[in-house]
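Per-entry structural report
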Amino acid sequence: MERFSYYIFIVLTGTLLLEVDAFSDLQVLRRASSRFKQGKIRLYCENDSNHPSFKDSIRRQLIASSIAAMQFVTYASQKANAATSEVSLLQSPTKMPLCLDSEQSRIDVFERVAPGVVFIDTFIEQRDAFSTNVMEVPLGSGSGFVWDNQGHIVTNYHVVRNAKSAQVAILTRNVDQSGAPASATATTYAKGIQQATNMRPGNAGLTDYNRSVYKANVIGVDPSKDVAVLKIDTSLSDLSPIEVGTSKSIRVGQTALAIGNPFGLDHTLTSGIISGLGREVKSPTGQPISNVIQTDAAINPGNSGGPLLDAHGRLIGMNTAIFSPSGGSAGIGFAIPVDTVKYIVETLIRDGQVVRPIIGISYLESKQARNLGIRKGVLVLDVPPDSSAYKAGMRGTRRTESGLIGLGDIIVKVADTEIQTEADLFTALESYKPGDRVKIVVLRLEPNDKTFESKEVVLTIQLKASSSMPVSKPNFHGPNQSS
């Protein structure tokens, strides 16, 4: 058989003639594969001597073989390109963000606000069993936050209630001699400060801060609202006050963040939502704290006095109590609204006390009064002779000449406000000031032959200031304050 030469005419920009010996030069076909896919290749087969025996059938076979070879080269080229792409992806992987936007927002809030959250350790005096020495032993711990640049620290009253002394640990920026931030490595104690036994190691997630511990002074307390203000002596640069927001505009469902020291684990961040508004809890004195915020952000023992923040890191409340059958977080925590805290703190800093109007009587709790058959109102137990209530004619519970107990007046209304429990009584009096005269309606039992009948009596009483009443105030002071 004669040897033939076959030609492929490839149309690129013009007409280009390539000579291929039995399609052995696959590199040429590979370079032409892209054009083949676009339909821009025309195949021709000729013999160079125009031999008459060159049949059309052989020509068609060669054309078919050319097309098959071209498709094979195209397939191989696609596989090679795909393999190259996979290697490229492995060598240069797509960078995924480390944090979502919402996560980064929480991180930013924590890193900005955490230096303003403090760790409070309280101590009591106890005599050594084997000597006459009096030592300070740990009583408990709690949280608080920096209020201003003067060193005022806000916390719950029940955190420092029975303490003889208290220490406040704050986060201060750690800088080297050149003034650049350095990593936190130790805890600094002011002169005369002992290390608290329940402080936990770590850097609280902030690498350029360390702890500094100071003795605290008592500026003032308000047991009725469970608020206390302490003060530490430190430089202005060491303080990071928290931005104060407002509780008027908060809504159920918005984000809530709590930072505190649960179980002694300092600067713990928990998050949740505002679960409810307008709740009511009891203060250490038994008086109600109204308009309390409910949140499902985890609050545990040790969180008391710590801040409740919104999504922007602004103070909206002070964590104060939980509802839990076990003593740990059950997803129901309560915080005093910041508008209430702000008024009390500013008053305590200015005056050292919060003055509230009171009647000046003692009363029986509603739960106990129900056992006596009193369905509504507040039963008066004692009316001191020097009180304005005594001068107005209010009667307390007493023992009669026959030895029986004579029930005192039952307060059922203050002005136009109905009184069901002692909580209603305190709430009604908060709208007045000391010195105001208010009409109080009482039910009074009067003997009628062998029975008693009740009648309403209206008394006009001038309210007195609560500052004249005894208050359980922590009796520890700092070195610059006399006792």
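Our structure is the block above this text.
In short, a report on the structure. (Residues numbered from 1 in each chain as written. Predicted model: local features only at pLDDT ≥ 70, side-chain atom pairs only at ≥ 80, totals over all residues. Heavy atoms only, no water.)

**Quick notes on helix 6 (residues 338-351)**
What counts is decided by this rule: Elements are defined by DSSP. Helices are runs of H or I of four residues or more, strands are runs of E of two residues or more, and each kind is numbered from the N terminus. The span one expects for a helix is its residue count, reduced by one, times 1.5 Å. For every residue, the accessible area (1.4 Å probe, protein chains only) is compared with the maximum for its type, and the residue is labelled buried under 20%, exposed over 50%, or partly exposed between those bounds. Here a residue-residue contact requires only that any non-hydrogen atoms of the pair lie within 4.5 Å.
Over its 14 residues, helix 6 extends 19 Å from the first C-alpha to the last, a length consistent with the 20 Å expected when each residue adds 1.5 Å. What helix 6 keeps buried is the set V338, V341, I344, V345, T347 and L348. Against the buried residues of helix 6 lie strand 6 (152-155), strand 10 (217-222), strand 11 (227-231), strand 16 (315-322) and strand 17 (333-337). Backbone geometry just after helix 6 places G352 at a positive phi near 80°.

**Section: the environment of I359**
Along the chain, I359 turns up in the loop between strand 18 (357-358) and strand 19 (362-364). Separated by 104 residues in the primary sequence, I359 and L463 have C-alpha atoms spaced 5.4 Å apart. Once you skip the residues sitting within four places of it in the chain, I359 turns out to touch S388, A389, I411, L425, L429, I440, I461, L463 and K464.

**A short note on the layout of surface pockets**
Going by this rule: Of the grid points, spaced at 1 Å and generated over the protein atoms alone, those admitting a 1.4 Å probe that cannot get out make up cavities, while open sets with protein on both sides within 12 Å along at least five of seven lines make up pockets; any residue with an atom within 4 Å of a point is treated as lining. Grid points are joined across faces, edges and corners, and a volume is the space filled by probe spheres set on the points.
Considering only enclosed or pocket space, the second largest pocket measures out at about 520 Å³ in volume. Of all the secondary-structure elements, those providing two or more residues to the lining of the second largest pocket are strand 13 (268-282), strand 14 (288-295) and helix 6.

**Re the side chain of S143**
The cut-off we apply is this: Identification of polar contacts relies on pairs of N or O atoms within 3.5 Å, with a donor-acceptor requirement for protein atoms, meaning one able to donate a hydrogen and the other able to accept it, and with residues adjacent in sequence counted only if both atoms are side-chain atoms.
Within the fold, S143 resides in strand 5 (residues 134-146). By relative accessible area, which is 0% here, S143 ends up buried. In this structure the side chain of S143 is engaged in a polar contact, spanning 3.0 Å, whose partner is the backbone nitrogen of N261. At a separation of 2.6 Å, a polar atom in the side chain of S143 contacts the main-chain carbonyl oxygen of G302.

**Let's talk about the pattern of salt bridges**
For clarity, the cut-off: Salt bridges are defined as contacts in which a side-chain nitrogen from Lys or Arg sits within 4 Å of a carboxyl oxygen from Asp or Glu.
Taken as a whole and assessed by the stated rule, the structure comprises 8 salt bridges. Taking the shortest distance from any N to any O, the salt bridge between K225 and E430 comes out at 2.9 Å. Taken as a pair, K225 in the loop between strand 10 and strand 11 and E430 in the loop between helix 9 (422-429) and strand 25 (437-448) lie far apart in primary sequence, 205 residues in all. Take E430: its relative accessible area is 40%, and that puts it in the partly exposed class.

**Some thoughts on the environment of V281**
Mapped onto the fold, V281 is located in strand 13. Remark: the alpha-carbon pair of V281 and A321, spanning 40 residues in sequence, is separated by 8.1 Å.

**Points about the pairing of strand 20 (residues 378-382)**
This is how the line gets drawn: We treat two strands as partners when DSSP finds at least two bridges between them.
Examined bridge by bridge, strand 19 and strand 20 share 3 bridges and lie antiparallel to one another. Its bridge partner being in strand 20, Y363 is matched across the sheet by V380. Pairing analysis gives 2 bridges linking strand 20 to strand 23 (residues 410-414), with the strands arranged antiparallel. Its bridge partner lying in strand 23, L379 is registered against I410.

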